[in-house]
Amino acid sequence: MDDRRSLRLLIPRPIRRLPADLAAMLVVTLLVNVAVFVPVVRDTPLRVPLGLAFALFVPGYVFIAALFPEAGESPTADDADDTTRFSGESIRAGIDGIERVALAFGLSIAIVPLIGLVLNFTPWGIRLTPIMLSLSGFTVLATAVAAHRRWELPAEERFAVPYGAWYAAGRSELLEPDTRLDGALNVLLVLSIVLAVGVVGFAVVSPPAGEQFSAVYLLTEDDDGELVADGYPTEFTQGESAEVIVGVDNHEHETTDYTVVAVEQQTETVVNESAVTDSAAEDGNQTAVNETVVTEQQELERFETTLGHDESWHQTHELEPTMVGEDIRIVWLLFPDGEVPDEPTTDDTEYHVHLWVDVEEP
């Protein structure tokens, strides 16, 4: 006992005095940050249930705790009669536990989008790291305000979660039922709740895989510093470069290693008279089809990255073609899992994007 007391004294006094429910909110906040940012943990399904519990409940709960530090009781008939007398006395200043839980869910659904809206007008934007830091900062600040306001109240007026009463009532219902039928029904109820929570948890942690795909695309930076899919450089002088941004999206439902290979190609258009289009085949006529054939290819650069599911990556590429001529094709080939052939072409991967440029001699 003395050892436990000594260890407890090592904790700063404000943290030791922190109410249990507010301490639990800080613990959930810490756990969700670990699940989001720690490399090993963030690849596990743990981040999904923790993230949902955090975003849908914690911000609203600490905000309500800051607004209503005092204890409250559910209204009774006598309270209702008193309200009609206009005696000027405060019937109840606080709110009870059920109201707190209901308001916590409702306010969380309002607070989280509002923080996202504010972030949308900042340089950081709506991304995972700014959102997590903002929500965590809001939670810690609201918790500090709630704890301070409770400490200013007399002990008998402070709100406290009745853990002991809940435990005693649950133990009495399960272990000391009035009849055997009540005991069996209570056990069945507990098993049903555990089963329901397990099914919902499994559905959240392991959702249907859905469509699996990756994407590669090109962006440029406009005058305001925003990334846009427009304004690509198309005129070059040999030896000069221009900046483009290569983007990769991962929707493979798993962490994937990617390799992007940038190649430049000399091409020519040939007429394939033996090819028949679908419409021509229906009419019974044979129509020539133009095909683009690569006559020369040279690799410019390659990039590598690793992305988790639903993550994106942007890489600045100083594009400097070495071939001279019109209609030089620059192709960025995306290879999931890092398996790249010795001479990669568009036939080796379904994910690629290209840009036609003209290159003049100096």
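Engineer: With reference to specific residues and values, describe the pattern of salt bridges.
Structural biologist: According to the stated counting rule, one finds two salt bridges in the structure shown. Two residues, Arg150 and Asp21, come together in a salt bridge whose shortest N-O distance is 2.8 Å. One end of the pair, Arg150, is in helix α7 (residues 128-151); the other, Asp21, is in helix α3 (residues 20-37), and 129 residues separate them in sequence. The pair formed by Arg150 and Asp21 is uniform in burial state, with each residue classed as buried. Between Glu299 and Arg302 there is a salt bridge, and its shortest N-O distance comes to 2.9 Å.

Engineer: So what about the sheet that holds strand β1 (residues 213-221)? Which residues, and what values?
Structural biologist: The four strands lie next to each other as β2-β1-β4-β7, forming an open sheet whose pairing is antiparallel. Strands at the two margins of the open sheet, each flanked by one partner only, are β2 (227-228) and β7 (312-319). When strand β4 (residues 242-251) meets β7, the two strands line up antiparallel, connected through eight bridges. The partner of Ile245 across the bridge, within β7, is Thr316.

Engineer: Describe the pairing of strand β9 (residues 352-360), and please don't skip the residues or the numbers.
Structural biologist: Side-chain alternation along β9 places Val353, Leu355, Val357 and Val359 on a buried face and His352, His354, Trp356, Asp358 and Glu360 on a face that remains uncovered. Bridging between strand β3 (residues 235-237) and β9 involves three bridges; their strand directions are parallel. Across the sheet, Phe236 pairs through a bridge with Val359, a residue of β9. Both strand β8 (residues 325-336) and β9 contribute to a ladder of seven bridges, which runs antiparallel. By the bridge assignment for β9, Gly325 is matched with Val359.

Engineer: Which residues make up the environment of Gly97, and what values do they have?
Structural biologist: Its place among the elements puts Gly97 in helix α6 (residues 97-120). Residue Gly97 is classed as partly exposed on the basis of its relative accessible area of 36%. When the C-alpha atoms of Gly97 and Ala71 are compared, they prove to be 8.8 Å apart, with 26 residues separating the residues in sequence.

Engineer: Kindly report on α6, identifying the contributing residues and their values.
Structural biologist: Between its terminal C-alpha atoms α6 stretches 34 Å, which fits the 34 Å expected from 24 residues at 1.5 Å a residue. Within α6, the full set of buried residues consists of Arg100, Ala104, Ser108, Ile111, Ile115, Gly116 and Leu119. Those residues of α6 that are buried lie in contact with α4 (47-67) and α7.

Engineer: Got a sec to walk through the packing of α4 against α6? Specific residues and values, please.
Structural biologist: Viewed as axis vectors pointing N to C, α4 and α6 meet at an angle of 110°, and their least axial separation amounts to 6 Å. Taken as axis vectors, α4 and α6 run roughly perpendicular relative to one another. As for the relative orientation of α4 and α6, their crossing is right-handed in sense. Taken together, the residues of α6 that come into contact with α4 (itself represented by Ala55, Leu56, Phe57, Val58, Pro59, Gly60, Tyr61, Phe63, Ile64 and Ala65) are Arg100, Val101, Leu103, Ala104, Phe105, Leu107, Ser108, Ile109, Ile111 and Val112.

The rules we used
- Residues numbered from 1 in each chain as written.
- Predicted model: local features only at pLDDT ≥ 70, side-chain atom pairs only at ≥ 80, totals over all residues.
- Heavy atoms only, no water.
- Salt bridge = Lys/Arg side-chain N within 4 Å of Asp/Glu carboxyl O.
- Helix = DSSP H or I, 4+ residues; strand = E, 2+ residues; numbered from the N terminus.
- Buried < 20%, exposed > 50% of the residue type's maximum accessible area, 1.4 Å probe, protein only.
- Pairing = 2+ DSSP bridges.
- Expected span 1.5 Å × (residues − 1).
- Contact = heavy atoms within 4.5 Å.
- Axes fitted to C-alpha atoms, helices over the stretch in contact; angles between N-to-C directions.
- Parallel < 35°, antiparallel > 145°, perpendicular 65-115°, else oblique.
- Left-handed = near helix turned anticlockwise from the far one by under 90°.

The analysis is restricted to geometry; functional conclusions fall outside its scope.
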